[in-house]
Amino acid sequence: MSSVAVLTQESFNEHRSGLVAEQAGGDSAGDEEAPAYKDAFPPLPEKAASPEGTQEPVNAWTSKIRPLKSSVITQVFHVPLEERKYKDINQFGEGDQAKVCVDIMHKTGAHLELSMAKDQGLSIMVSGKLDAVMKARKEIVSRLQTQASATVAIPKEHHRFVIGKNGEKLQELELKTATKIQIPRPDDPSNHIKISGTKEGLEKAKHEILLISAEQDKRAVERVNIDKVFHPFITGAYNKLVADMMQETGARINVPPPSVNKTEIVITGEKEQVALAVAMIKKIYEGKKNATTIAVEVKKSQHKYVIGPKGNTLQEILEKTGVSVEIPPPDSNSETVILRGEPDRLGQALTEVYAKANSYTVSSVVAPSWLHRFIIGKKGQNLAKITQQMPKVHIEFTEGEDKITLEGPTKDMQMVQSQMEAIVTDLVSRMDYLEISVDPRFHRHLIGKGGANINRIKDLHKVSVRIPPDNEKSHLIRIEGDPQGVQEASKELLELASRMENERTKDLIIEQRFHRAIIGQKGEKIKDVRDKFPEVIINFPDPAAKSDIVQLRGPRNEVEKCSKFMAKMVADMVENGFFLSVPIFKQFHKNIIGKGGANIKKIREETNTRIDLPAENSNSEMIVITGKKENCEAARIRILSIQKELNVRTFLISLSLTKPCFHSVSIPSKLHNSLIGSKGRFVRSIMEECGGVHIHFPTEGSGIDTVTIRGPAEEVEKAKKQLLSLAQDKQTKSHTAELKAKPEYHKFLIGKGGGNIRKVRDSTGARIIFPALDDEDQELITVVGTEEAVREAQKELEELIKSLDNVVEDVMNVDPKHHRYFVARRGQVLRDIADEYGGVMVSFPRSGANSDKVTLKGAKDCVEAAKKRMLEIIEDLDAQVTMECVIPQKFHRSIMGPKGSRIQGITRDHNVQIKFPERVDAPPAEAAVQENGEANGEMKCDVIVLSGRKERCEAAVEALKALVPVTTEVEVPFELHRYIIGQKGSGIRKMMDEFEVNIQVPAPELQSDIISITGLANHLDRAKEGLLERVKELTAEQEDRSLRSFKLTITVDPKYHPKIIGRKGAIITNIRTEHDVNIQFPDKNDDNQDQITITGYEHKATAARDAIQAIVDELEEMISEDITLDARVHARIIGARGKGIRKIMDEFKVDLRFPQPGAADPNQVFVTGRPELVDEAIDHLLNLEEEYVSTLAPDMSSSEDFPSFGAPVAATNKASPWGPKRF
């Protein structure tokens, strides 16, 4: 028996009520003076209020103990040894019992603790929320205790009360008693309920079930059979009468609804309540059973109006007259309606019935079914106009019927019908339809991608087109709409269908490695091809399929053109596969790229190559150029020329000096680190000083002494001397000193063009290294050299720094008219002076103050130098003049150049200010204007104003006039214009960018040969030469294209085609590549299946034909023989992954075909090839067979060849030895 150590309130109440019940039902002969249980053990306090709201009686404890509730409870369950499911004492705390406990904790969320009692019983303490503890208890009882079973019999009709609503009562009972209760199904006649669980749980469950059954025994159920026709009088109108009876008696009365053909009325409740309700129902019945009835005929279609929505009209008549109206069921053909009630009320009821029946009318309007959707309108717009005015009218369209049904109030029907007839008449007069027959396989092409084609036709011709779905397999396409639109749409659809019938499919063999290049990034290139041939569908194989076949489908002529175009693309790709690598100093890579990639982009476009630079963090110096060989060479020359121009940063050197030179010098490896310096400071300073040479030291720890220097010959020699000198100093008397100076002093210490620091180096012989931009310590200056040189250089530098630290303040006079120049553009001029002269601070008087005093503050030398520079600027400002340059406004934009680059160059080179006039969009019509009585020939919008020194302004004016574009004309044959323009204008844009001119090609309708070139005079000659050179190239290309278009055909039996194509197209691709021709095999649907077409130069096409003919001749000489090879050795001859069979075929130049699984003769093998080679291959195969068969285990399945010892053997004519037969 299991016991509960901590009880919940509910379980305690159950326990208490059970004991009281036992005492009440026990033997009354006991001691009457013995104290009652309630007196001896006062119950714990109950809840403050019961569910019914009645107050619990006050007991002995209520005033002392206040009930407490906790969300977490703890219960202890004891399982005796004899009821334990797992009795292995040695495995306590482990094994299956422990696993079950862990599983229960996971499943219920409760916490379990196990302990062993002295009697070997199991104690389980369960903690958690009440629901979790109860679930855990049920799991413990079912999984850790042995189970018993019992049955309890209660009336079948009480079973549903044990189950409860949605099975909730049954679940609660199982959880409460920790048992499993099985109730027989409703169709099972048994009334026995089976209970399984622990002994205690069984008793408790039986008790609860019997308690439920006893409760139901107190209730009564009465069934009264009353004819269905009298049910309305019992329920009353809108069920009011039956509701009043239920409220009055307290019983539940269930009257079957009119739709259910039952006469039985069920009354449930307490016996007295049921009896009272039955009496009331019978009284109503007795009063109405002799009621008068009349029968009337009402059209079947009007019955629904008499019934009303949800039967409300019948209820309304019953409420008004007290008369019940009986309508025949919908599936009956009867039109008789019966009225039942008091004679004096029947007349009124009959009037109501006829009024309701005639309140609605049904009529129809003739309209062809294909017009229905036009009548309805888009989203029902047309019908909405009618139904909004007459909301009670119902309009019904039946698919396939040429009529529209109208139903509604009689007074509204005439207006709605006239409106509908008017709409139909209007549509019939201006609408038409047509059906055309088109093969279903073309339907989806007529529709187009996303419905593009069919939607275009619908919108263009204002028609509706219905194309049947694929599953209908119908040929008919229906077109509806305006008669003219219908005719035009049908004509266009039939033309499309006819065009599709002329379609063809062609397979192009293109090596898969080219597929991605043809498609292009994000499909850009293939999109251009599809735009060029919009009627051709191009399908590439899936990359995983490893196929070389590209399928083209579309009109025959377009497919042929697209095929040739793609073949040319492939040929160009093969030609453009050339690449070369160019070594370029790493520090020049950013200059090769240019600002925003301008330089590299220009080179790529002008040379039509792909240029790849190594990653920024890579040590590689190689730039890879890919494209046509001649284009790659041109790009290499361009890149090398940029490197030559960049070899010296401070000034240009001649091309002869910039020729890259390589030199190696031997310096002991132990000195390398000291020569490189901290973070490469020493070696970087040498490279910068020597025009950007590249110095490469070997890897640290390699022990190699060789240092490589690369760059311009003169600078390499200079760097070599410095390295050797520095290395010698390091070896003999190397000395280093460090000193600090503010970063803003560094420029002044270095001086303009490095003049100051060069003086110190020349006078002392020491090397002075300033910090790089990425150095952490920006103040640190390092001096390297002999001890004496370092000391002298350090002394000079310290004196300079000290003088810079000696801050002084000086004043100079500047005319106020020049102040604005210095402070303009947020003081850019003053910032430049501060940067150049050691951070000197220059202060001008406030705006509005009438003062010419300017204050300079900083190091003495810096202040003097800044003052001198300012006086130079003032002198320039005083010498400034203003000049005007008249250039027509239409040329101003060209003079300014892209983003004003040209005008900025003139301003910088000549040190002048240039101001352009405001743009005037519509200048006056008169050329000259009278101002102050004088004629002024030029317009203000044409005048450019220059400010600066006179000689500089004059030079700038000449430079501006040189930028005025001029125009020249070049005669180019009209038929070449589109090739010069190029695809989407790419060709002409490329020429304009290259020669910096504007090229104007006349409109096609003019049919003119004259092309205009506008640009700078010095650019026009180059542009003209370039254009004529392009014309020459195009003429040569036309001639070449004509020569390449030579076509010939060769007749080859289709059975040889796969052999000519080869595995994955290898053989035919080789012929195409070798002879530079295009070879096309016939399509599956072609009439001439034996014709192979070759296109290319005449001599190459002839050579390709001869090559194909040679293959055919060789194939025709071949024979095919079949031999018998034991099927058991096939796998060994074929070898792993076909290696063995390929070796044989390659060695003997034959083709072998082994039988497929399930073949009629599994031993038959075909050998195809030249006669002599076939014989040799057959001999080889038979030798292999003999060799392999000898190694196979004997087949002992024959009892005749391998009899069992001691078993009878069938008599044979001739005795043979044991073992397989030998023939």
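Residues numbered from 1 in each chain as written. Predicted model: local features only at pLDDT ≥ 70, side-chain atom pairs only at ≥ 80, totals over all residues. Heavy atoms only, no water.

- If you look the chain up in an unreviewed UniProt entry, it shows as Vigilin from Oncorhynchus kisutch.
- The annotation that UniProt attaches to the chain under Function (unreviewed entry) is "Appears to play a role in cell sterol metabolism. It may function to protect cells from over-accumulation of cholesterol." (UniProt positions renumbered as here; feature names shortened; annotations may be inferred.)

**Side note on the pattern of salt bridges**
Consideration 1: Counted under the stated rule, the structure contains 32 salt bridges.
Consideration 2: Across the salt bridge formed by Lys304 and Glu407, the nearest N and O atoms sit 2.9 Å from each other. Of this pair, Lys304 sits in helix H11 (residues 303-307) while Glu407 sits in strand S15 (residues 403-409), and the two are 103 residues apart along the sequence.
Consideration 3: Here Lys304 falls in the partly exposed class, since its relative accessible area comes to 45%.
Consideration 4: On the basis of relative accessibility, which here comes to 15%, the residue Glu407 falls in the buried class.
Consideration 5: Glu435 is paired through a salt bridge with Arg478; the nearest N and O atoms lie 3.0 Å apart. One end of the pair, Glu435, is in strand S16 (residues 432-437); the other, Arg478, is in strand S18 (residues 476-481), with 43 residues separating them in the sequence.
Consideration 6: The exposure class assigned to Glu435 is partly exposed, which follows from its relative accessible area of 40%. (Salt bridge = Lys/Arg side-chain N within 4 Å of Asp/Glu carboxyl O. Helix = DSSP H or I, 4+ residues; strand = E, 2+ residues; numbered from the N terminus. Buried < 20%, exposed > 50% of the residue type's maximum accessible area, 1.4 Å probe, protein only.)

**Quick look at the packing of aromatic side chains**
Consideration 1: Taken as a whole, this structure holds four aromatic pairs when the rule is applied.
Consideration 2: Plain terms: the ring middles of Phe230 and Phe233 are 6.5 Å apart, the flat faces sit at 40 degrees to each other, and that makes the pair tilted.
Consideration 3: Centre to centre, the rings of Phe230 and Tyr285 are 5.4 Å apart; their planes meet at 85 degrees, and the pair counts as edge-to-face. Of the two residues, Phe230 sits in the loop between strand S7 (219-225) and helix H8 (231-235) while Tyr285 sits in helix H10 (residues 271-288), which places them 55 residues apart along the sequence.
Consideration 4: Relative accessible area serves as the criterion here: at 7%, Phe230 is assigned to the buried category.
Consideration 5: With relative accessibility at 24%, the residue Tyr285 sits in the partly exposed group. (Phe/Tyr/Trp six-rings, centres within 6.5 Å; stacked < 30°, edge-to-face > 60°.)

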